[in-house]
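Per-entry structural report
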Amino acid sequence: MLHKDLSLSALTAGFLAVLVSYSGPLIIFFQAAQSADISPAMMTSWVWAISIGAAVSGIGLSLWLKVPVVTAWSAPGTALLVTLFPEISLNEAVGAYLTAAVLLLLIGLSGGFDRLLRLIPRGLAGAMMAGILFRFGVGIFDAVASAPALALGMVAAYLLLKRLCPRYSLVLLLGVGIALSAALEGASLDGVSLSLASPTLIVPAWSWHATLSLALPLVLVSLTGQFLPGMTIMRNAGYTTPARPIITVTGLTSLATACFGGITTVIAAITAALCTSPEAHDDHDKRYVAGVANGVFYLIGGTLAGTIVALFTALPGTFIAVLAGLALVGAIGSNLETAVTAGDHREASLLTFLATASGMSFLGLSSAFWGVVIGGAAYLVLHKSWRAPARQPLPRAERSTGS
């Protein structure tokens, strides 16, 4: 059945999602590796583990649920590592990974996260996602300062391709962007060669310090910074899949990859928008192919971890920033529409958007979390009735009988 649903646009969406992940959040991983002073071989093992974790869980969930489930590693969790190394050892970090995986697995099995999602009004959910994606859209034009010819050239190509062949515009833009990168920025792939990854086993060690400073915060930022916006993207795209199987499967995957350096596997937030949008496939029911394709490209990336790292570091940052922003224009627009058309709570939705788009961080929690909290408070104060519903009088017959 899968081969009948294949499309070039879905394959492209899956590839672009991997491209954005490797060129963005992976950089944080490099910073963490430098803080821990690990060897290139160990770094390759880390990339292998996070890639294989995303590949197995994404392919399995997308085929099982028939929805585009895009998984990745916890980017905010990786940022925690930068601040903790070398205070904690690599072995303690792996022990904390295992602890976090068990806690997330228990949360997934309980089904409690689904109840939380149902409490968030649709307008607030759309505003939160628009706020998260807004920074990527602005990044298109921020890039003009560093490489104006490349950035503006890609924008012009996007407009032209969107007009002439909208379904395959991102595929063609990818090729145009690489050509412009080579011609205008001197990008070269000469130093990229094929090399297979060799995973390295790391013996875990547990400590209260690592549990309190890494494991528990890792669970919290994964839930608020990844699962909350990631599941919201799926809801806004029309997929009603519960979070329970997704959190459960990613929790199991995290257990399997932890001892090779793989930080917690989670549902993707930003890149999920690429695979759930109409650009991935015109048919809503066939977009699961983009989730499968994303997993397959992660599988290739994990197998060739050293190669994939060299490949994406060879391309200029401007190319990645502009490509990611243009690929997310449709998702930004649809989520903004959801926010502003929520007539019964539009002001609360706008406050959610502004708080999320600000990029604020408070008490170690991301702007996506605080956007929902602030917007939710505004919703309760401005748009929710403070009066208890009036009790309906009993029918006369019941009053007369005293029943």
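To be clear, the structure that these remarks concern was listed above.
Each value, and the rule that gives it
Residues numbered from 1 in each chain as written. Predicted model: local features only at pLDDT ≥ 70, side-chain atom pairs only at ≥ 80, totals over all residues. Heavy atoms only, no water. Helix = DSSP H or I, 4+ residues; strand = E, 2+ residues; numbered from the N terminus. Buried < 20%, exposed > 50% of the residue type's maximum accessible area, 1.4 Å probe, protein only. Contact = heavy atoms within 4.5 Å. Areas by Shrake-Rupley, 256 points an atom, 1.4 Å probe, with all protein chains shown as cover. Polar contact = N/O pair within 3.5 Å; in protein donor to acceptor, adjacent residues only side chain to side chain. Core = buried A, V, L, I, M, F, W, Y, C linked by side-chain atoms within 4.5 Å. Patch = residues over 30% accessible without salt bridge, like charges linked within 9 Å, V, L, I, M, F, W, Y side chains within 5 Å. Salt bridge = Lys/Arg side-chain N within 4 Å of Asp/Glu carboxyl O. Axes fitted to C-alpha atoms, helices over the stretch in contact; angles between N-to-C directions. Parallel < 35°, antiparallel > 145°, perpendicular 65-115°, else oblique. Left-handed = near helix turned anticlockwise from the far one by under 90°.

Regarding its fold elements, the protein chain presents 20 helices and two strands. Per-residue burial over the protein chain gives 53% buried out of 403 residues. Here the analysis covers contacts within the protein chain between residues at least 6 apart in sequence; of these, 85% occur between residues at least 24 apart. Counting only carbon and sulfur atoms, one obtains 67% of the accessible surface of the protein chain, whose full area is about 17600 Å².

A word on the side chain of Ser181. On the secondary structure map, Ser181 appears in helix H10 (residues 169–185). With relative accessibility at 0%, the residue Ser181 sits in the buried group. Looking at Ser181, its side chain comes within polar contact range of the main-chain oxygen of Gly177, at 2.8 Å. Excluding residues within four positions of it along the chain, Ser181 makes contact with Leu150, Gly186, Ala187, Pro316 and Phe319.

Trp46, Trp73, Leu173, Phe227 and Phe319 are the most contacted members of the largest nonpolar core, which has 114 residues in total. Top element by residues in this core is helix H4 (residues 40–65). It accounts for twelve residues. In contact with Phe227, other than residues within four places in its own chain, are Leu104, Phe113, Ser222, Ile246, Ile247, Thr250, Thr265, Val266 and Ile267. Of all hydrophobic cores here, the second largest spans five residues; its members include Ala130, Ala339, Phe353 and Ala357.

On the surface, Leu351, Leu354, Ile374, Leu380, Val381 and Leu382 cluster together to form a nonpolar patch covering roughly 520 Å² of accessible area. Broken down by secondary-structure element, the contributors of at least two residues to the nonpolar patch are helix H18 (346–357) and helix H19 (367–383). For the nonpolar patch, the element with the most residues is H19, which contributes four residues. With relative accessibility at 49%, the residue Leu380 sits in the partly exposed group.

Interaxial distance between helix H11 (residues 208–236) and helix H12 (residues 243–257) falls to 12 Å at its minimum, and their mutual angle equals 135°. Looking at the two axes, H11 sits oblique to H12. Pair H11 / H12 crosses with right-handed handedness. For the pair H11 and H12, contact is made by Phe227, Met231, Met234 and Arg235 and by Ala243, Ile246, Ile247 and Thr250, respectively.

Take helix H16 (residues 317–327) next. In an α-helix there are 3.6 residues to a turn, and that puts residues three or four apart on one side. Burial runs high along H16: nine of the eleven residues are buried. Among all positions in H16, only Thr318, Phe319, Ile320, Val322, Leu323, Ala324, Gly325, Leu326 and Ala327 are buried.

What follows deals with the pattern of salt bridges. In a structure, side chains of opposite charge can pair up when their charged atoms sit close to one another. Using the criterion set out here, one finds one salt bridge in the structure. The closest approach of N and O atoms between Lys286 and Asp5, which form a salt bridge, is 3.9 Å. Here Asp5 lies in helix H1 (residues 2–5) and Lys286 lies in the loop between helix H13 (272–276) and helix H14 (288–303), a separation of 281 residues in the sequence. Taking relative accessible area as the criterion, Lys286 reaches 27% and is therefore assigned partly exposed. Under the relative-accessibility criterion, Asp5 is labelled buried at 6%.

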